[in-house]
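Next come the chains, spelled out residue by residue.
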Amino acid sequence: MLMKKMITVCLLAVAAITANAQKFALIDMDYILKNIPAYERANEQLNQSSKKWQAEVEAINAEAQTLYKNYQNEVVFLSQEQKKAKQEAIMNKEKEASELKKKYFGPEGELFKKREALMTPIQEEIYNAVKEISDLRGYSLVLDRASDTGIIFGSPKIDISNEVLSKLGYSN
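An account of the accompanying structure is given in this report. Within every chain, residues take consecutive numbers counted from 1 along the sequence as written. Residues qualify for local features only when their pLDDT is at least 70, as the model is predicted, and side-chain atom pairs are given and counted only at 80 or more; totals for whole chains, interfaces and linings, by contrast, use all residues. By convention in this description, side-chain values take in all heavy atoms of the structure and omit both hydrogens and water.

## A word on the pattern of salt bridges
Under the convention used in this document: Counted as salt bridges are all cases of a side-chain nitrogen of Lys or Arg within 4 Å of a carboxyl oxygen of Asp or Glu. Per the convention used, a helix needs a DSSP run of H or I reaching at least four residues, while a strand needs a run of E reaching at least two, with both numbered from the N terminus. Summary of the burial criterion: residues with accessible area below 20% of their type's maximum are buried, those above 50% are exposed, and those between are partly exposed, where the area comes from a 1.4 Å probe applied to protein chains only.
A full pass over the atoms with the stated rule returns 7 salt bridges. The salt bridge involving lysine 86 is made with glutamate 74; its shortest N-O contact spans 3.2 Å. One end of the pair, lysine 86, is in helix H4 (residues 80-105); the other, glutamate 74, is in helix H3 (residues 37-74), with 12 residues separating them in the sequence. Overall, lysine 86 belongs to the partly exposed group, its relative accessible area being 33%. Aspartate 135 is paired through a salt bridge with lysine 131; the nearest N and O atoms lie 3.1 Å apart. Remark: lysine 131 and aspartate 135 occur in helix H5 (residues 110-137); sequence separation between them is 4 residues, near one turn of the helix. Overall, the relative accessible area of 54% leaves aspartate 135 in the exposed class.

Below, the structure written as structure tokens:
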């Protein structure tokens, strides 16, 4: 029942767009990005940084695990003060790993900042190319078939991905 309603709404939306004689087009953002060398280089830089930072976090976690294992082996021989000091050292090391992970991979972390710095110029360049083509051809709407928008079928006739790549200086 819900699926029928969704299909009906989609058909009505398409009918409304068509009724107003508005033109629309599709792009495949994945296809476009895969054909831009700068995007591939940026992705490689992000992967390298991510691996390096992950190794740093894992090294500190390993240190915390080693401290904990040593503590477990020595606990019967330690005084209360020594136990407390070792427990604090373990907790501090775990906290250090957690803070480093947040610094690198958190919502405003280094990976986010680096991704934004590397990807935003590429995305803006693509957007500007799509906008220019849309203005030139009179498109009112350009959808990305690669995103999760529910496009079931899109005619290759209205796919302007190669035109966007040409506008950006990449021929395919």
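## A short note on the layout of surface pockets
Stated formally: Both site types are read off a 1 Å grid over the protein atoms alone. A 1.4 Å probe that fits but cannot get out defines a cavity, while an open set with protein on both sides within 12 Å along at least five of seven lines defines a pocket; lining residues have an atom within 4 Å of a point. Grid points are joined across faces, edges and corners, and a volume is the space filled by probe spheres set on the points. Throughout this entry, Asp, Glu, Lys and Arg are counted as charged residues, while Ala, Val, Leu, Ile, Met, Phe, Trp, Tyr, Cys and Pro are counted as nonpolar. The remaining residues, Gly among them, count as polar.
Computed from the structure, the second largest pocket encloses a volume of approximately 190 Å³. If you go around the second largest pocket, you meet 14 residues; those closest to its centre are Ile27, Tyr127, Val130, Lys131 and Val142. Those elements that provide at least two residues to the lining of the second largest pocket are H5 and strand S2 (139-144). Partitioned by chemical class, the residues of the lining of the second largest pocket number 9 nonpolar, 2 polar and 3 charged.

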